[in-house]
Amino acid sequence: MAVVGMVIGALQAPVVWSDAPSFTLAESIEAHASLEFRENALVVPASGRYAAWIEGSKLMIAFAPDFKPKELLATPDGSALNAAYASPDDVSLYYTRGTETAAFGPYAAKDTREFWRVDVTTGQTQRLATGRDVPEGKPVFSPKGRSFAIVRGPMVYEYWLEGDRLLQRPMLENNAEHYAAKKLTSLAYSPDGRRLAFVSWRKAGQSYVAIVDVQSGKARYLQPGIFRDHSPVWSPDGREVAFVRTPGNWTREYRFSAEKQGAPWSLLVAAADGDSLRTLWQADAGVGSVFDAYGVGSWLERELETSQLLWTAGGHIVFPWEKTGWVSVYAIPAKGGAPRSLMQGTGEVTMPVPSIDGRSLLFASNVDDSARLHVWRAPLNGGDAERLTSGGVEHSPVALAGGVVAYVGNDKGRMPNRHMLMTGAASRRALGAYPRDSARNRKLWEQFVDVEVVPVQASDGIVTQQLIYWPRGVPPKNGYPVIISAKGGPEGRVSPGNGVYTALGQFAVSRGYGFVEMNYRGGTGNGLDYRVPAERGAKGGSEVRDIEALVRHLRGRRDVDAKRVGIMGGSYGGFIVSLALTRLRQYFAAGVHMSGVGDWVGEMKLDQRDEAWASAPPEYIQLSERMQIEELAFRSSAPANIAAWRAPTLITMGEMDRSGHMEGIIDLGYRLLEQGTHVEFSIAPEAGHSGPRARPMDKVFEFFERTL
């Protein structure tokens, strides 16, 4: 890592605490690694007969009815497993191991990837593919598990077993209309396994729902138009496909073009055989007219590429709607009628999953506890939703046989997270060991402090939930120095036990600092006005109001040293740092800008160049309008207020970053140097957007030690 420091003016001496910390920063990072749950961390077949998960080099399994964990297999050389996938046949469990290293210079490529099948009943294993033959991506299984489909570029491939051989073939016929797609998503087999629905995303930003015949490869698009069609789901009898149609002028779309209201979206139902297409329901004008997806997991991230619809055995279609200004769950009869809300109260709902018997839905929600997620159950045949968990943060529920529910949870918002089993109204127990369990980690988990959740209201009425950690014991006479951290995004949120920089925070607290993990407008979980606020980001930087409200709250506390407040943030959080150090410079003594945004105009253009998504103002508007957008974007950026940026600053960046951009960091860095601001650099030539090289927590803390 190349490190360049330019000292301009003297910095304060490091703070020296009388009591040495009982753990190192590296140990805190290791102890927090149990946050790293994989997307398919808990693998469950449709029957719920068993749950399987990876513990390093081991594949663990627990069968109904008692779900007692046991080791199914372990790699002979102790190498870690990558992912596991459950077949609907209730017997086959597929898993991957190994890595791929690209060729570089004189060095040849190295590919140790392997794809295996294990019989969960006998434990017998088969190695099915190695290297380039390993299926890439998450398989979607046919109803009986005899085959699975995977997307590779603009093509769908089907895989199946013949003896010990894994065979494959392209599923779509040789036709230019398929290759015109930018990507394919949302694969869904029909109940009889003869057809497959998918979404084809196109060059101009629109998307089509299509049905392909598995055997012939012939595909039929369901009346494609200028809309964004997505989220296909089959009727239980396989005769119809429902999907979402979202209207919008995608040729005018750019990074900050999101609107609260627009042309209403619809639920459409198409005949699987034939050309009939009917509008089942259309959203009301006004609030809720723009489609917004469920959140998924602990951060409530949106995931449009996952189908947002469920078609129940009882003949209802379940979907998300933001009618009240909050994303909740609704059901409508598939034959027509009015939608019915399945969840009451103020809060949002994550992606629901059906119970094994199909009579209810499981999801996580922050209704009744806006700062935290808990697991809920909503009956489909009427009745009120029931909250099933409490006490910490619980999310990502999974339905198992016998009414058992698994979920990810932590105790009182503290580390560690792990999978829990709910076997009855008052029965909770852990499913397997903690991730990265060790005697040392258990000792550290006990030493970590609890998080305090503080709602803070900005001057314009927006309320943000702030996560604050304080040292134990009596504060020093002048109060604690405080480090504020800003997540990226801005989508998603931090919540107790599910933060971004918690490992650094717990270590900083052990060294006598207060630490804040900041939520700011633009994230999820607090409703439409919070998620799509006015003047955010490149439209004015209204997030500065949330920063100021938080700092004023801290300055109002007697245990805070108002002269020693620093701020750090990565990616979009780097933009938050720049807002703090330019518009609120009187409040901050130092800042750390990691993989962040410099000039929004350049940032949006570089995103469009490097990541090929509609980020910059489009060409399909008048030149004068585009100039207005870019003028406002520049005035919302740090360079427009650079003269105010005087606090000592550390800038970190990975040169291979494609989400952040080296050009912007060079421009920002030189602007600061030219005006005499003390600035230091930590540039990692080989690093990308995140990770310990691009965002070195040891250097971040050492910098705050010298500047706070």
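Before reading on, note that the structure itself is shown above.
Residues numbered from 1 in each chain as written. Predicted model: local features only at pLDDT ≥ 70, side-chain atom pairs only at ≥ 80, totals over all residues. Heavy atoms only, no water.

Here we look at the overall build of the protein chain
The line we're drawing: Under the DSSP-based scheme used, a helix requires at least four consecutive residues in state H or I and a strand at least two consecutive residues in state E, with every element numbered from the N terminus. We compute the radius of gyration from the C-alpha atoms alone; for a globule the expected value is 2.2 Å times N to the 0.38, where N is the number of residues. Only protein chains enter the accessibility calculation, which uses a 1.4 Å probe; a residue whose area is less than 20% of its type maximum is buried, one above 50% is exposed, and one in between is partly exposed. Note on contacts: a residue pair qualifies if any of its non-hydrogen atoms lie within 4.5 Å across the two residues. Accessible surface is estimated by sampling points in the Shrake-Rupley manner with a 1.4 Å probe; for residues, cover comes only from the protein chains shown. His is not counted, nor are the chain ends; Lys and Arg add positive charge and Asp and Glu add negative charge. Lys charges are placed at NZ, Arg charges at CZ, Asp charges at CG and Glu charges at CD.
Looking only at helices and strands, the protein chain features 11 helices and 44 strands. Compactness check: the protein chain gives a C-alpha radius of gyration of 26 Å against a globular reference of 27 Å for 708 residues, within 12% of the reference. Across its three principal directions, the C-alpha atoms of the protein chain cover 75 × 65 × 65 Å. Here the protein chain holds 708 residues, and the buried ones make up 56% of them. Across the protein chain, every contact between residues at least 6 apart in sequence was considered, and the portion connecting residues at least 24 apart equals 57%. Summing over all exposed atoms, the protein chain offers an accessible surface of approximately 29700 Å²; the carbon and sulfur share of this is 50%. The average position of the 78 basic charges and that of the 78 acidic charges among the side chains of the protein chain differ by 2 Å.

What about the sheet that holds strand β26 (residues 316-321)?
Worth spelling out the cut-off: The criterion for strand pairing is that DSSP finds at least two bridges linking the strands in question.
Strand order in this open sheet of 4 strands is β25-β26-β27-β28, and the pairing throughout is antiparallel. The sheet is open, and its two edges are formed by β25 (310-311) and β28 (340-341), each paired on a single side. Pairing of β26 with strand β27 (residues 328-333) involves 6 bridges; the strand directions are antiparallel. If you follow Phe319 over to β27, its bridge partner there is Tyr330.

Quick notes on the packing of helix α8 (residues 600-611) against helix α9 (residues 623-635)
Let me state the cut-off plainly: Geometry is summarised by axes, namely lines fitted to C-alpha atoms with helices restricted to the contacting stretch, and by angles between N-to-C directions that run from 0 to 180 degrees. Ten residue types, Ala, Val, Leu, Ile, Met, Phe, Trp, Tyr, Cys and Pro, are classed as nonpolar, four, Asp, Glu, Lys and Arg, as charged, and the remainder, Gly among them, as polar.
In the contact formed by α8 and α9, the axes pass within 7 Å of each other and the chain directions differ by 115°. Contacts between α8 and α9 involve Trp600, Val601, Met604 and Lys605 from the former and Glu630, Ala633 and Phe634 from the latter. Its residues placed into classes, the contact of α8 with α9 shows 5 nonpolar, no polar and 2 charged.

Description of empty space enclosed by the protein
Formally: Only protein atoms enter the 1 Å grid, on which a cavity is a set of points fitting a 1.4 Å probe that cannot get out and a pocket is an open set with protein on both sides within 12 Å along at least 5 of 7 lines, lining residues being those with an atom within 4 Å of a point. Grid points are joined across faces, edges and corners, and a volume is the space filled by probe spheres set on the points.
As enumerated under the stated definition, the model contains 2 cavities of 30 Å³ or more in all. Taken as a whole, the largest cavity encloses approximately 50 Å³ of empty space. For the largest cavity, the full set of lining residues is His32, Gly413, Arg414, Met415, Val449, Asp450, Val451, Tyr469, Gly497, Thr502 and Gln506. Class assignment of the residues belonging to the lining of the largest cavity gives a composition of 4 nonpolar, 5 polar and 2 charged.

So, the side chain of Ser360
Inspection of the secondary structure assignment puts Ser360 in strand β30 (residues 360-365). For Ser360, a relative accessible area of 8% translates into the label buried. Apart from the residues lying within four places of it in its own chain, the contact partners of Ser360 are Val353, Pro354, Ser355, Arg377, Ala378, Pro379 and Leu380.

Description of the pattern of salt bridges
Charged atoms that come close allow side chains of opposite charge to pair. The following threshold applies: Should a side-chain nitrogen of Lys or Arg be within 4 Å of a carboxyl oxygen of Asp or Glu, the pair is scored as a salt bridge.
Summed over all chains, the structure comprises 40 salt bridges. With a shortest N-O distance of 2.6 Å, Glu702 and Arg706 are connected by a salt bridge. Taken together, the residues span about one helical turn, with Glu702 and Arg706 both in helix α11 (residues 697-707) at a distance of 4 residues. When salt bridges that share partners are traced, they join Asp460, Arg521, Glu535, Arg545 and Asp546 into one network.

Focus on the environment of Leu431
Residue placement: Leu431 occurs in the loop between β36 (427-430) and α3 (439-447). A residue is classified by how much of its surface remains accessible, and Leu431, at 3% relative accessible area, is buried. Once the C-alpha coordinates of Leu431 and Tyr407 are considered, the two residues, 24 residues apart in sequence, prove to be 9.4 Å apart. With near-sequence residues (within four places) excluded, Leu431 lies in contact with Leu42, Ala51, Trp53, Ala62, Phe67, Pro69, His419, Met420 and Leu421.

What to know about α11
Across the 11 residues of α11, 8 count as buried, placing the element largely inside the fold. Among all positions in α11, only Met697, Val700, Phe701, Phe703, Phe704, Glu705, Arg706 and Thr707 are buried.

What about the pairing of strand β21 (residues 266-271)?
Of all 6 residues in β21, 6 are buried; the element is thus mostly enclosed. Judged by which residues are buried, β21 turns out to be covered on both faces: Ser266, Leu268 and Ala270 on one side and Leu267, Val269 and Ala271 on the other are all buried. One ladder, built from 6 bridges, connects strand β20 (residues 240-246) with β21; its direction is antiparallel. By the bridge assignment for β21, Glu240 is matched with Ala271. Bridging between β21 and strand β22 (residues 277-282) involves 5 bridges; their strand directions are antiparallel. Considered in β22, the bridge of Ala270 is made with Leu277.

As for the sheet that holds strand β35 (residues 418-424)
Sheet strands pair by backbone hydrogen bonding; their relative direction is either parallel or antiparallel. Spatial strand order, β33-β34-β35-β36: 4 strands in an open sheet with antiparallel pairing. One side of each edge strand has no neighbouring strand; the edge strands of this open sheet are β33 (392-399) and β36. Strand-to-strand twist of the sheet, defined as the mean angle between neighbouring strand axes without regard to direction, takes the value 35°. Pairing between β35 and β36: 4 bridges, direction antiparallel. Bridged to Met420 within β36 is Ala430.

Notes on the environment of Lys487
Rules: Under this definition, polar contacts are N or O atom pairs within 3.5 Å; protein pairs additionally need one hydrogen-donor-capable and one acceptor-capable atom, and for neighbouring residues in sequence, both atoms have to be side-chain atoms.
Turning to its location among the elements, Lys487 is positioned in the loop between β39 (480-486) and α4 (502-510). Relative accessible area serves as the criterion here: at 2%, Lys487 is assigned to the buried category. In the structure, Lys487 is positioned 117 residues away from Met604 in sequence and 19 Å away in space, judged by C-alpha atoms. With sequence-adjacent residues up to four places away left out, Lys487 is seen in contact with Trp299, Gly492, Arg493, Val494, Val500, Met518, Asn519, Tyr520, Gly570, Tyr572 and Gly573. Within the structure, the side chain of Lys487 is placed 3.5 Å from the backbone oxygen of Gly492, a separation counted as a polar contact.

Scope: geometric values only; no functional claims are made or implied.
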